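# Chain and residue survey
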Amino acid sequence: MNKLSDCIINKNSSYIPIWFMRQAGRYLPEFREIRKQNQDFIKLCLDTKLVKEITLQPIKRFDLDAAIIFSDILMIPYGLGQSVEFIKGEGPVLGNLNIDKVIKTKKNEFIASMQPVYNAIQAVKEEATGKDIIGFVGAPWTILVYMLNKKSPKKDFDIKNIMNEQHSGDKLLKKIEETICSHIENQIKSGATVIQIFDSWAGLLPDSYLKKYCYDPTYRIVNKFKSSKIPIICFPKGIGKNYLDFCSAVKPSCVNIDYDIDPMWIKKNLKNVSVQGGLDPKILLKDYEVIEKEVKKYLEIFSGSPYVFNLGHGVLPETKPETITYVTELVRRNK
Ligand code: 1CP
């Protein structure tokens, strides 16, 4: 068994596996070079050869413990027939949502459109021996937000606009959940050894809506794959102390924590779950002294319990690749 799976499934705390969210991305000059020549981001995500190459870039540079497949959570809306474009400086822009068209999209049509992703997982697997291969999806709530809001909810987001679409929202949420399950199933069939579910916008939900939009659908997904023994890492970002309720309701094998939650509180309160991440990605823009102190803080707090080193969100584009080398060495030297 590879190191990341071993830490999560067997709760082995003798080795701290390390990988980074957004480890393949804009902070790497070799990624920017490919991206410059491939302006259409979705097309890039469907180019098996380039996806394999980009996925392996951080593995070759830093020898991390896991390769996360280069793709995007917005491949789900795309595969359900809603257009997705990435506009420089603005982020994703989705086309008009035709709910009938989405609902009528057949499972095999969706899978056929994602075949290059699955082929890339197989190709990565052939080369990355001894490494875990992480497949991923967005959680139902986060995908619903993008599909209805049609852009990042970072600015000008009003949850009422989404709740007003209650009726269509419920039908749509079910379709999204089924599609997520197909996407996970096919990533596992193609060789993914770990799955991460990103609920990047869980923090937008008022507490009274968490059960219906976050815990329940995520539980159903996690539970569906329990028998496969594939570790599932959940990342319900921004829910504060509700991490505790999340873990009791969803029972994930591993939970990624964000940088707003106190890691001491997590260590004290979360039991029977492996923990991943936490360090604020902005710390990686600071001096090595500050970085060392913060990295050691997480290592000390979680020492003796199953912990996967990672960040509390993705690597920022301004991060120097040498900083990733530095952090990886710190974690590996830690005994
Ligand atoms: O060059 C570019 O402009 C593209 C930047 C980029 C990259 C490198 C985007 C656009 N997506 C990705 C890849 C990506 N996205 C990965 C690759 C694997 C890795 O190395 O980690 C993963 C796991 C994602 C997941 C993803 N996409 C999330 C969940 C994690 C998170 O950051 O919260 C989300 C919310 C997205 C949507 C998305 N795609 C891209 C951007 C800039 C965004 C966020 C936009 C927003 O703020 O709403």
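One can find the structure itself at the top, above this paragraph.
Computed from a prediction, not measured in an experiment: that's the story for all the values here.

The rules behind the values
- Residues numbered from 1 in each chain as written.
- Predicted model: local features only at pLDDT ≥ 70, side-chain atom pairs only at ≥ 80, totals over all residues.
- Heavy atoms only, no water.
- Patch = residues over 30% accessible without salt bridge, like charges linked within 9 Å, V, L, I, M, F, W, Y side chains within 5 Å.
- Areas by Shrake-Rupley, 256 points an atom, 1.4 Å probe, with all protein chains shown as cover.
- Salt bridge = Lys/Arg side-chain N within 4 Å of Asp/Glu carboxyl O.
- Lys, Arg positive; Asp, Glu negative; His and termini not counted.
- Charge placed at Lys NZ, Arg CZ, Asp CG, Glu CD.
- Helix = DSSP H or I, 4+ residues; strand = E, 2+ residues; numbered from the N terminus.
- Buried < 20%, exposed > 50% of the residue type's maximum accessible area, 1.4 Å probe, protein only.
- Contact = heavy atoms within 4.5 Å.
- 1 Å grid on protein atoms, 1.4 Å probe; cavity = no way out; pocket = protein on both sides within 12 Å on 5 of 7 lines; lining within 4 Å.
- Points joined across faces, edges and corners; volume = space filled by probe spheres on them.
- Nonpolar A, V, L, I, M, F, W, Y, C, P; charged D, E, K, R; others polar.

## Considering a positive patch on the surface
Among the surface-exposed residues, R22, R26, K151, K154 and K155 lie close enough to one another that they form a single positively charged patch. Relative to the elements of secondary structure, K155 occurs in the loop between α9 (140–149) and α10 (159–163). In this structure K155 comes out as exposed when scored by relative accessible area, which is 62%.

## Details of the environment of I8
Tracing the chain through its elements places I8 in helix α1 (residues 3–9). For I8, the residues in contact, after removing those within four places along its chain, are P231, I233, S253, C254, S274 and V308.

## A few points about the pattern of salt bridges
In this structure the tally under the stated criterion is 15 salt bridges. The partner of D216 in a salt bridge is K211, and the shortest N-O contact between them spans 3.0 Å. Three or more residues joined by partner-sharing salt bridges are found here, namely K52, K60 and E127.

## With respect to empty space enclosed by the protein
Tallied over the full model, the rule gives one cavity of 30 Å³ or more. Taken as a whole, the largest cavity holds about 40 Å³ of empty space. Counting residues per element, the ones that place at least two in the lining of the largest cavity are α5 (75–79), β4 (132–138) and α11 (166–189). Residues that form the lining of the largest cavity fall into these classes: five nonpolar, three polar and one charged.

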